[in-house]
Amino acid sequence: MSGKRTFTMIKPTAYKNNCTGQIIQKIYEGGFHIAAMKITKLSKKDAEKFYEIHAERPFYGELVDFMSSGPIVAAILEKENAVEDYRKLIGATNPAEAEKGTVRAMCGTSIGENAVHGSDSDDNAKIEGDFFFSERELH
Ligand code: ATP
Ligand code: MG
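What you are looking at is a predicted structure, and each value in this text was computed from that prediction instead of being measured.

### What about the overall build of the protein chain?
Counting its regular elements, the protein chain contains seven helices and four strands. Taken from the N to the C terminus, the helices and strands of the protein chain come in the order β-α-α-β-α-α-β-α-α-β-α. Oriented by its inertia axes, the alpha-carbon framework of the protein chain measures out at about 35 × 35 × 25 Å. Buried residues in the protein chain amount to 47% of all 139 residues. For the protein chain, the exposed area adds up to about 7500 Å²; of that, 50% sits on carbon and sulfur atoms. Once the 18 positive and 21 negative side-chain charges of the protein chain are each reduced to a mean point, those two points are 4 Å apart.

### Here's the deal with the site of ligand 1
As a matter of local geometry, ligand 1 sits amid 14 residues, with Lys11, Thr93, Gly112, Asn114 and Gly118 nearest to it. Lysine 11 places a polar side-chain atom, nitrogen or oxygen, 2.9 Å from an oxygen atom of ligand 1. Here an oxygen atom of ligand 1 sits 3.2 Å away from a polar atom, N or O, in the side chain of arginine 104. Here ligand 1, which alone exposes 570 Å², has 82% of that area covered by the protein. For ligand 1, the cavity whose grid points lie within 2 Å of the majority of its atoms is the largest pocket. Among the residues forming the shell around ligand 1, the class breakdown is four nonpolar, six polar and four charged.

The rules behind each value
Residues numbered from 1 in each chain as written. Chains lettered and ligands numbered in written order. Predicted model: local features only at pLDDT ≥ 70, side-chain atom pairs only at ≥ 80, totals over all residues. Heavy atoms only, no water. Helix = DSSP H or I, 4+ residues; strand = E, 2+ residues; numbered from the N terminus. Buried < 20%, exposed > 50% of the residue type's maximum accessible area, 1.4 Å probe, protein only. Areas by Shrake-Rupley, 256 points an atom, 1.4 Å probe, with all protein chains shown as cover. Lys, Arg positive; Asp, Glu negative; His and termini not counted. Charge placed at Lys NZ, Arg CZ, Asp CG, Glu CD. Near = heavy atom within 4 Å. Polar contact = N/O pair within 3.5 Å; in protein donor to acceptor, adjacent residues only side chain to side chain. 1 Å grid on protein atoms, 1.4 Å probe; cavity = no way out; pocket = protein on both sides within 12 Å on 5 of 7 lines; lining within 4 Å. Sits in = over half its atoms within 2 Å of the grid points. Nonpolar A, V, L, I, M, F, W, Y, C, P; charged D, E, K, R; others polar.

By themselves these figures say nothing about function.
Written out as structure tokens, the structure is:
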């Protein structure tokens with residue numbers, strides 16, 4: 001069982017396609033509390049920093065350009081076992097392989113533009129949440 005918090009972003013295409021409402025609905029149906037949420041936009045530098053663990057991957061440049069291409073929604077979600085349960089709710093990285101009913105199956109359009117980000121560990125959830133929010137923005 002992992003910790004109580006995870007971090008998510010609604011990526012630029014999903015935001016632009018007005019998927020935010022559906023995704024928030026899914027988050028609530030999944031039993032998560034939204035502790036913090038905001039609409040913001042990553043600069044290219046922000047996106048490079050956020051995704052620096054992927055710097056050596058062939059799609060890094062594309063990922064950075066995409067993630068800084070338009071507004072996103074950043075949020076901290078709370079629930080027991082948050083990291084693992086949220087990754088189940090969003091589905092496989094590639095929307096074409098994501099299970100029916102998952103967020104990525106619903107709102108993703110390609111492996112790059114796959115609707116949402118979800119933290120992959122408790123440590124990364126903390127690092128990523130701190131990247132966007134201060135303690136006083138958590139409720
Ligand atoms: P995320 O970290 O966004 O929640 P993930 O953990 O399922 O996704 P990662 O392997 O961490 O997947 O990849 C980070 C992001 O990089 C993916 O969400 C996707 O947008 C992009 N990505 C991953 N693999 C590819 C690929 N083969 N081609 C293009 N983009 C990719
Ligand atoms: Mg990941």
